[in-house]
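# Overview (structure and organization)
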Amino acid sequence: MEGAGRSAAPHLELRRSSRSGGGEGFVSQLISPSAKRVIAVDNSPSMVELGQELARKHGLDNLEYRLGDIESPPIEPGTVDLALLSQALHHAQKPAKALEAAWNILKPGGCLVVLDLLQHGQEEARELYADRWLGFTPAALESMLKEAGFGNIHTDIVDREPEPPHFQTLMAAAWKR
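Chains are numbered independently. Their residues run from 1 in the order of the written sequence. With pLDDT at 70 or above as the cut-off, local features in this predicted model cover only qualifying residues; side-chain atom pairs require 80 or more to be listed or tallied, and sums for whole chains, interfaces and linings still use all residues. Computation of side-chain values: all heavy atoms of the structure, hydrogens and water removed.

Now for the environment of P165. Looking at the element boundaries, P165 is found in the loop between β6 (150–160) and β7 (168–176). Note on exposure labels: buried denotes an accessible area under 20% of the residue type's maximum, exposed denotes more than 50%, and partly exposed covers the range between, all computed with a 1.4 Å probe on protein chains only. In this structure P165 comes out as partly exposed when scored by relative accessible area, which is 35%. For P165 and G121, which are 44 residues apart along the polypeptide, the C-alpha to C-alpha distance reads 9.5 Å. Counting from the N terminus, the helices are DSSP H or I runs at least four residues long and the strands are E runs at least two residues long.

Okay, structure coming up:
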């Protein structure tokens, strides 16, 4: 997925984007040079601190990290052009609520991109990675997006790990009507 992200980033022309589940910030740092402002949200104080340090180290003054939850991100409603949930939705207690929160922070016409696990049967992921959900089917993700108010929804399987357990990445793009 890194290659796809690298090739797509230079084509972004964003005023304001947000990324929930910010983690160490690779994707946020990738988007930052093409955006006026990027807000990364993570529920781990140590990840927010690490992200802030990396942003400073790389001179990314437009990249801001905030402590928060994807089901209630600390971002004003209707202020974001692009929301990105990258490998975060399967950690949400209520994924549908996280998608509704993304809809809420987007401007009209804004886009949500979800990268998450395709549904799998690896129960040990719950303990090993704190996964609450074992991925999602394209139909289930599309249904939740529709329920949240999104339209023009597209889903695709965009990656498969070469090593066992061969996790696959499901991508969805949807627009706020």
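Before going further, it helps to spend a moment on helix α3 (residues 45–57). Spanning 13 residues, α3 covers 18 Å between terminal C-alpha atoms, matching the ideal 18 Å at 1.5 Å per step. Among the residues of α3, V48, G51 and A55 are the ones counted as buried. Relative to the axis of α3, the buried residues are bounded by an arc of 65 degrees and lie together on one face. Of the residues in α3, the exposed ones pointing more than 90 degrees away from the buried face are P45, R56 and K57. A contact between two residues is defined here by any heavy atoms of the two lying within 4.5 Å. In the core, the buried residues of α3 are packed alongside β2 (35–42) and β3 (63–67). What a helix should span is 1.5 Å times the count of its residues minus one. The arc under discussion is defined with respect to the helix axis, by the directions toward the C-beta atoms.

Attention shifts here to the nonpolar core. Here, nonpolar core refers to any group of buried Ala, Val, Leu, Ile, Met, Phe, Trp, Tyr and Cys residues whose side-chain atoms link them within 4.5 Å. Membership of the largest hydrophobic core comes to 27 residues, with the highest contact counts inside it found for L89, L99, L112, V114, L141, L145 and F150. Secondary structure elements with two or more residues in this core: β2, β4 (80–86), α4 (95–105), β5 (106–117), α6 (138–148), β6 and β7. Excluding its chain neighbours within four sequence positions, the residues that come into contact with L141 are L89, L99, V114, F136, L170 and A172. Core analysis: the next-biggest nonpolar cluster, separate from the first, contains 14 residues, I31, A35, A40 and L63 among them.

Glancing now at the side chain of H90. Relative to the helices and strands, H90 is located in the loop between β4 and α4. Judged by relative accessible area, H90 falls into the buried class, the value being 5%. Here a polar contact means two N or O atoms within 3.5 Å. Within protein one must be a hydrogen donor candidate and the other an acceptor candidate, and residues neighboring in sequence count only if both atoms are side-chain atoms. Within polar-contact distance, the side chain of H90 engages the side chain of D131 at 3.4 Å. With near-sequence residues (within four places) excluded, H90 lies in contact with D116, L117, D131, R132, W133, G135 and F136.

Looking now at the pattern of salt bridges. One speaks of a salt bridge when a side-chain nitrogen belonging to Lys or Arg is within 4 Å of a carboxyl oxygen belonging to Asp or Glu. Applying the stated criterion across every chain yields a total of five salt bridges. A salt bridge links E64 to R37, with the nearest nitrogen and oxygen atoms 2.5 Å apart. Of this pair, E64 sits in strand β3 while R37 sits in strand β2, and the two are 27 residues apart along the sequence. On the basis of relative accessibility, which here comes to 30%, the residue R37 falls in the partly exposed class.

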